Every structure is written in structure tokens, then in C-alpha cells.
Amino acid sequence: MYTSSPQRLSRVYTPINALEAHAEHLQAQSLSDLIGGESKAACRRATDLAFTLGPLYLDLSKQRITSETLSLLVDWAHSCGLESKRHALFAGDMVNESERRSALHMAARWPADAAPPAGMEEAVEFCQFQRVRLTAMVERLHDANWFGATGQAITDVVHIGVGGSDLGPKMISEALAAGCPSQKRINVHYVSSMDGAQLLPLMERLDPAKTLLVLASKSFTTADTQFNLRTALAWLSEALEIDVPTVCRHQVVGVSAKPEKMSEFGIPTEHQLIFKDWIGGRFSLWSPIGVSVAMQLGIESFDALLAGAHSMDRHFLEAPLMESLPTLVALVGAWNCQFLKIPTHTVLPYDARLKSLPAYLQQLEMESNGKSVCLDGRSVTHATCPIIWGEVGPNAQHAFYQLLHQGGHTVSADFVAVARREIEAPQAVCDLLAAQEQLTLANCLAQAQLFALGDDAIPTVLRGHMAQGYRGNQPNSLLLMKQLDAWSLGALLALYEHKVFVQSVLWNLNPFDQPGVELGKKLATSLFNVISGNALEQSLVKDPSTQQLLNKVVEWR
Ligand code: F6P
């Protein structure tokens, strides 16, 4: 306990000091000690650290925490003013100070028939208006009533965007595409990479007369997206023998916070969907940036996604901190990162439909909280936000789990699993697929157990026969979804969004800006000018290492 040592009594009590002392005390105990066999206390611990919210079940019992840890963490959150900051977020206060904006992505999923919190009304009204326009566009497409420049009905959509304008929509499309009837009518393809490598095969196989481009870019200036758009338009124009402005009028939908730039580019206003600056890029999948999801899955699924996220908003806004799932996940994450000093966190979905969840969370968490200057201008003296990485769990078992079990690195993990799946197939196939699901769940639970307990997970009778040296003590959470549907996925993603916000409050950071990604873009612009033959920019290449690489690139092109 914090107060048990005379040496510590001399320290001023702060929640952080208390947590540091508690961490020191807990370091002496392994997860095996904490989880501890089948005693009553161990059973109570398992129950106390598991939480159910609708179709989501969160198990924190394999984290290196006790109920005392949780109450100290909640004290910390209180001391940071989490409740009032949560209120300020929903009230549309200027929580993104560096960009002088609010952060109101929750407005994009606020239902039409529920009164928004004071301060969010205008934002909700604007989002509702855009949602009506989005719905009309999607219906027009699904009714085979959207015709390309040559008069043929659209069958394929190429969504062009990057970062927040790609990762969320793409991940959702992949997760939910199977089993959505409307996706049979419209095929959606995602293109993000600036090198054209994703675009090229699409240009080879899609019918240009039946292809619609969705240009998703909050700023409408991101080079990656602009270059892909221009190449795709050139392809359509050449193939259809129609000039670019005409193609643009018929076969491009623009989604951006910059309507004037879309108009200047030649996208007609009736094909523009707009969102506002107060929705950050990595929080934008609920806004019209998600239009391609709706085109693929249908409006009903898109609405269900928003409804699930909204229900998590309400839970986050209303639940006491000790019962708030996003808060608990955030607190445990901060505990692992700051107090147990675990530098990396792996996300392991045990369902291949969620294969892009790790990539989506990388941006959400690391672009938001990967910062070391606080809101008050002071430098942070510890790591904020672990390095997030991951892979589909069953495949990762055959790739990097060796290191996690017996290597020297400490890692924390989120296992994400789905309890059941509705499948329409002949009975024999259904039975076999059900067995595959059971096998997957069994593997997920086994790995979570082994991460936590190491050698102690090996049953006594087998100990002499199995290779040992499993390190264990790798803290992990399990997020079990009853099923993977739009509603549950919406709730899960909103949980992670609020996790990020809570951690930003704990670390006193602005999670809504990303100044660290700007300089790289500027340097790339200079180097692009050199590589593409503008010698005037040569002087901007400063270091011999880069100059040498540049020479080689120029020589080989
Ligand atoms: O990489 C930085 C970033 O600004 C992300 O925050 C954003 O999601 C991405 O670029 C794409 O930006 P835009 O939607 O403006 O094209």
C-alpha cells in the first residue's frame, strides 16, 4: 500500500505517486499469483474484473491489476477532471485548442429522434441534413438509377482516400460485407496507397463505363488522394473517350470539409457530401466519409453502425467511471504504458473479418496520443500511448507468438473475438464452419491464458512432457462480441474512440491534432520536385545520405 512505507510517507500524496508506489508493490507479483488457482478470492477477482454491455463482454481479469489498482486509477481520472472534460467534449467546447475547434464526431451518429446535449444541437442538425443527402445518393445507386457519362448504370465504386478517410470505412466494409444483401449489387474497392499499386489492377478489370469514384478527403489537398484521383479520372476519360470535366460531373462523388475546393475541381454540388472541421479525420467514418460503406452494405447497416456507436456514446456520457467500459479500457491501457512501462500493445482479432482492425487502431490511438507535449506546453516525462500493432490472431500464432511466449519482450494485448456467426449454407458446410468457429474461440482463450500464466497454464500431469519456459505475465484483455454485426461493431469502435479521449485527459494531451505528420509531407514535396526534374529544389536536400539516395533514384529512373 502507498502508506505502508515510512519512506513513502514523506512523499506528497498524488494519484500518480500512489499509482507508482502501487505498481512497485504489484511488480513483485506475477499474473499467475494474482489469478491464483481456484480459490474463492480468485473466482471473485474473475467476476469483479469482467463487464458486460449489451453484446460486448470485456474481461480484464488477465490484466496485472487488482480492484485496488482500479480504484486508484479511477481516483487519477477524477483528479484529471475526466467527468467535466467528458461533458465539455459533448457540449462542443473547443477541446482541440491548437486547431481552435471542438471535436463533435458524436454528432454524426446522434439519432434524429433524440435530443442532443446542449451545445451539440447545431452540429447534429448539420449532420442530419448531410445524412439525408447521403441516403438519397445511396438509394439512387442501389436502384440502379445512377448513370455514368455514357449512360450505363454504376456497378462498382472506387473509394479513394487515405488515413482516416480510408482506414475506418475499409475496415468496416471488410468486417460486414459478408451477409449484407446490397453488397451484391454494388462492389466497393478501396484505394489509398499513393504509388498507384492498388489502382492499377482495378483499372485493368473494372468497366470504366460503370465505375463511380468516391473522393474522400477532409482537406481535399492530400497528395496521395489527389494523385490517385487524377490517374483514375485519366483512365475513365481515355477509356470512355470523354473529356475529364464531363466524366467528373457524372462519375465522381466528393466527400470533404472543403466544398469550395470540390467545386473548383469540377465536382457538381449535388454530388458533394460535406462534413465540418469539428470532425477529425480519424474520427470521421460516421460522417459522409462512410458513404462507401453505406453504398456497399446498404443504408440500414450504416444506420445500425451509427446506432451502436451512439449507444456507446450514451454509456460513456452517463455511466460512473468504474462502470464505463471505454474508461476502464483506457485506464488499464494507461496503467500498462505509464506505470508498468510496457512499450507495445498488440491487437489480435480472432476473426479474419476484422483483419484491418489493428491498422485502424494504429491511426486512432497513435496519431491521437503519440505526443510528448502537454496542453500546458510542458514535456511529458513518460511514454504516452504504446506502439500499437497486430494481426489476425490465428495467423499470428504461426508467425510471432513464439516471441511473445518465450522471447524477452513484455507486451500487452487486446484479444477480440466473436462468439457466434449466422451462416447460410448447406447443413454439412454449416456444421464444419461451426467447428471452425469453436476451434478459433478455443485458440483465443488458450492463448490469452498462456500469455497470462505461462508455464503455470500447463496442467500438472503434462508438465514433464511439454517444452517449458513460457514467460507468462503478459497482461491481456479479451473483448468478446456476441456477434459481428453493424450495431456491435459501431459500439466497439466508439469504445476505442472514447478510450483515446480518456487517455488524452489522463496525459493532458490534445488527441485531435496531428502536427507531427506535416513536416514529412513538406519534405516529400521538395524531394518530389527534385525527382520529377525541378532542379531549383536541389538546394533543399540537406544531408549527404539523402542526396546519395536521391542520386541513385534519379540514375535508375
Ligand atoms: O496523415 C495525416 C492526415 O491528416 C490524417 O490525419 C488524415 O486522416 C489523413 O491525413 C487524410 O487526410 P484527408 O482526409 O484530409 O485527405
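Criteria and thresholds
- Every residue gets a number counted from 1 within its own chain, in the order that chain's sequence is written.
- Totals for whole chains, interfaces and linings use every residue, but because this is a predicted model, local features are given only for residues with pLDDT of at least 70 and side-chain atom pairs only at 80 or more, for both listing and counting.
- By convention in this description, side-chain values take in all heavy atoms of the structure and omit both hydrogens and water.
- Secondary structure elements are taken from DSSP: a helix is a run of H or I of four residues or more, a strand is a run of E of two residues or more, and numbering for both begins at the N terminus.
- Classification of residues uses two cut-offs on accessible area relative to the type maximum, computed with a 1.4 Å probe and protein chains only: under 20% is buried, over 50% is exposed, and between them is partly exposed.
- Residue contacts follow a heavy-atom distance rule, with two residues in contact if any of their heavy atoms lie within 4.5 Å.
- The accessible surface values rely on the Shrake-Rupley method and a 1.4 Å probe; as for residues, cover is taken only from the protein chains in view.
- For Phe, Tyr and Trp, rings pair up if their centres lie within 6.5 Å, where Trp contributes its six-membered ring, and each pair is then called stacked (planes under 30 degrees apart), edge-to-face (over 60) or tilted (otherwise).
- A ring is considered to have a charge above it if a Lys NZ or an Arg CZ atom is located within 6 Å of its centre and within 35 degrees of its normal.
- With axes taken as lines fitted to C-alpha atoms, and helix axes fitted only over the stretch in contact, angles between N-to-C directions fall between 0 and 180 degrees.
- For classification purposes, angles smaller than 35 degrees are called roughly parallel, those larger than 145 roughly antiparallel, those between 65 and 115 roughly perpendicular, and all remaining angles oblique.
- Throughout this entry, Asp, Glu, Lys and Arg are counted as charged residues, while Ala, Val, Leu, Ile, Met, Phe, Trp, Tyr, Cys and Pro are counted as nonpolar. The remaining residues, Gly among them, count as polar.
- For two strands to pair, DSSP has to find at least two bridges joining them.
- By convention in this text, a residue qualifies as near a molecule or strand provided that one of its non-hydrogen atoms is within 4 Å of it.
- For the purposes of these results, a polar contact is taken to be a pair of N or O atoms within 3.5 Å, where, inside protein, one atom must be able to donate a hydrogen and its partner to accept one; residues adjacent in sequence count only when each atom of the pair is a side-chain atom.
- For this analysis, a nonpolar core means a set of buried residues of the types Ala, Val, Leu, Ile, Met, Phe, Trp, Tyr and Cys, connected via side-chain atoms within 4.5 Å.
- Note that domain bounds follow an automatic or database assignment of domains.
- Known as pLDDT, the predictor's per-residue confidence is scaled from 0 to 100.
- If you view the pair so one helix is near and one far, a crossing is left-handed when the near helix is turned anticlockwise from the far one by less than a right angle, and right-handed when it is turned clockwise.
- One side-chain nitrogen of Lys or Arg within 4 Å of one carboxyl oxygen of Asp or Glu is enough to make a salt bridge.

Caption draft 1: Expanded view of the overall build of the protein chain. Check the secondary structure of the protein chain and you find 22 helices and 11 strands. For the protein chain, the spread of C-alpha atoms along the three principal axes comes to 80 × 65 × 60 Å. By residue count, 52% of the 557 residues in the protein chain fall in the buried class. Long-range contacts, defined as pairs at least 24 residues apart, comprise 73% of the intrachain contacts of the protein chain with a sequence gap of at least 6. Summed over its atoms, the accessible surface of the protein chain is roughly 24800 Å², and 56% of this surface lies on carbon and sulfur atoms.

Caption draft 2: Quick peek at unusual backbone geometry. Backbone geometry at Lys341 places phi at a positive 55°, although glycine is not the residue there. Structurally, Lys341 is set in the loop between α15 (325-339) and β8 (344-350). Positive phi, close to 60°, is recorded for Asn508, a residue that is not glycine. With respect to the helices, strands and loops of the structure, Asn508 is situated in the loop between α20 (486-507) and α21 (518-531).

Caption draft 3: Representation of the packing of aromatic side chains within the structure. For the structure on display, the rule yields 14 aromatic pairs. Ring centres 5.8 Å apart and planes at 80° place the aromatic pair Phe227 and Phe528 in the edge-to-face group. Of the two residues, Phe227 is situated in helix α10 (residues 223-240) and Phe528 in helix α21; the sequence distance between them amounts to 301 residues. Here the aromatic cluster, defined as three or more aromatic residues joined through ring pairs, consists of Tyr350, Trp389, Phe400, Tyr401, Phe415 and Phe451. A cation over a ring is seen here: Arg140 above Trp146, with NZ or CZ 4.0 Å from the ring centre. Here the basic side chain of Lys276 rests over the ring of Phe126, its NZ or CZ set 4.8 Å away from the ring centre.

Caption draft 4: Representation of the packing of helix α7 (residues 121-142) against helix α14 (residues 299-318) in the model. For the pair α7 and α14, the least separation of the axes is 10 Å and the interaxial angle reads 150°. Compared by their axis directions, α7 and α14 come out roughly antiparallel. Touching Arg131, Leu134, Thr135 and Val138 of α7 are Ile299, Phe302, Asp303 and Leu306, all from α14. Residue classes in the contact of α7 with α14 are distributed as five nonpolar, one polar and two charged.

Caption draft 5: Fine view of the sheet that holds strand β4 (residues 187-191). Read from one edge of the open sheet, five strands run β4-β3-β5-β6-β7, paired in parallel fashion. Edge strands, defined here as strands with exactly one partner in the open sheet, are β4 and β7 (272-274). With direction set aside, neighbouring strand axes in the sheet form an average angle of 20°. Each of β3 (156-160), β4, β5 (211-216) and β6 (252-256) is contacted by α10, which is oriented at about 165° to β5, the strand it contacts most.

Caption draft 6: Spotlight on the site of the ligand. In the vicinity of the ligand, 14 residues are found, and the nearest of them are Gly164, Ser165, Ser217, Ser219 and Thr222. Between the ligand and Glu367, the relevant distance is 2.8 Å, taken from an oxygen atom to a side-chain nitrogen or oxygen of the residue. Against a free-state accessible area of 390 Å², the protein chains account for coverage of 87% of the ligand. Looking at the shell around the ligand, its residues break down into two nonpolar, eight polar and four charged.

Caption draft 7: Focus on the sheet that holds strand β9 (residues 387-390). Spatial strand order, β1-β2-β11-β10-β8-β9: six strands in an open sheet with mixed pairing. Every interior strand has two partners, whereas the edge strands, β1 (50-53) and β9, have only one. For this sheet, the mean inter-axis angle between neighbouring strands, taken without regard to orientation, is 15°.

Caption draft 8: Just the nonpolar core, in detail. In terms of nonpolar packing, the biggest core is built from 120 residues, with Ile172 and Leu489 touching the most fellow members. With 14 residues, the top contributor of residues to this core is α20. Here this core gathers at least three residues from each of two domains, domain 1 (15-79 + 321-460 + 468-507) and domain 2 (105-303). With sequence-adjacent residues up to four places away left out, Leu489 is seen in contact with Ile172, Ala175, Leu176, Leu305, Leu354, Met481 and Leu484. By size, the runner-up hydrophobic cluster in this structure holds 24 residues, among which are Val158, Ile160, Ala209 and Val252.

Caption draft 9: Structural detail: the side chain of His271. Take His271: it is sitting in the loop between α12 (259-265) and β7. Judged by its relative accessible area of 6%, His271 falls in the buried class. In terms of polar contacts, His271 uses its side chain to reach the backbone carbonyl oxygen of Arg249, at 3.2 Å. Here His271 is in contact with Met137, Arg140, Trp146, Arg249, His250, Val252, Val253 and Gly254, once residues within four sequence places are set aside.

Caption draft 10: Spotlight on the confidence of the model for the protein chain. Confidence along the protein chain averages 94 in pLDDT terms, with 95% of residues attaining 70 or more. Across residues 1-6, where pLDDT falls below 50, the model places 11 contacts with residues more than four positions away in sequence or in other chains.

Caption draft 11: Structural view of the environment of Arg101. Here Arg101 shows up in the loop between α6 (82-90) and α7. Separated by 220 residues in sequence, Arg101 and Leu321 have C-alpha atoms that sit 26 Å apart. A polar contact is formed between the side chain of Arg101 and the side chain of Glu99, at a distance of 3.2 Å.

Caption draft 12: Layout of the packing of α21 against helix α22 (residues 544-556). Two elements in contact, α21 and α22, have axes whose closest approach is 10 Å; the angle formed by their N-to-C orientations is 40°. Of the possible angle classes, the one that applies to α21 and α22 is oblique. Helix-helix and strand crossings are classified by hand; for α21 and α22 the assignment is right-handed. Contacts between α21 and α22 involve Leu527, Val530 and Ile531 on the former and, on the latter, Thr546, Leu550 and Val553.

Caption draft 13: Structural detail: the environment of Ser219. The residue Ser219 is located in the loop between β5 and α10 in this model. Along the chain, Ser219 and Lys261 lie 42 residues apart, while their C-alpha atoms are 8.8 Å from each other. The contacts of Ser219, once residues within four sequence positions are left out, are Ser256, Lys258 and Lys261. At 3.3 Å, the side chain of Ser219 and the side chain of Thr222 are in polar contact.

Caption draft 14: Just the pattern of salt bridges, in detail. Under the counting rule described, the total for this entry stands at 15 salt bridges. For Arg101, the salt bridge is made with Glu99, and the minimal N-O distance between the two is 3.2 Å. Each member of the salt-bridge network shares a partner with another, and the members are Glu99, Arg101 and Asp277.

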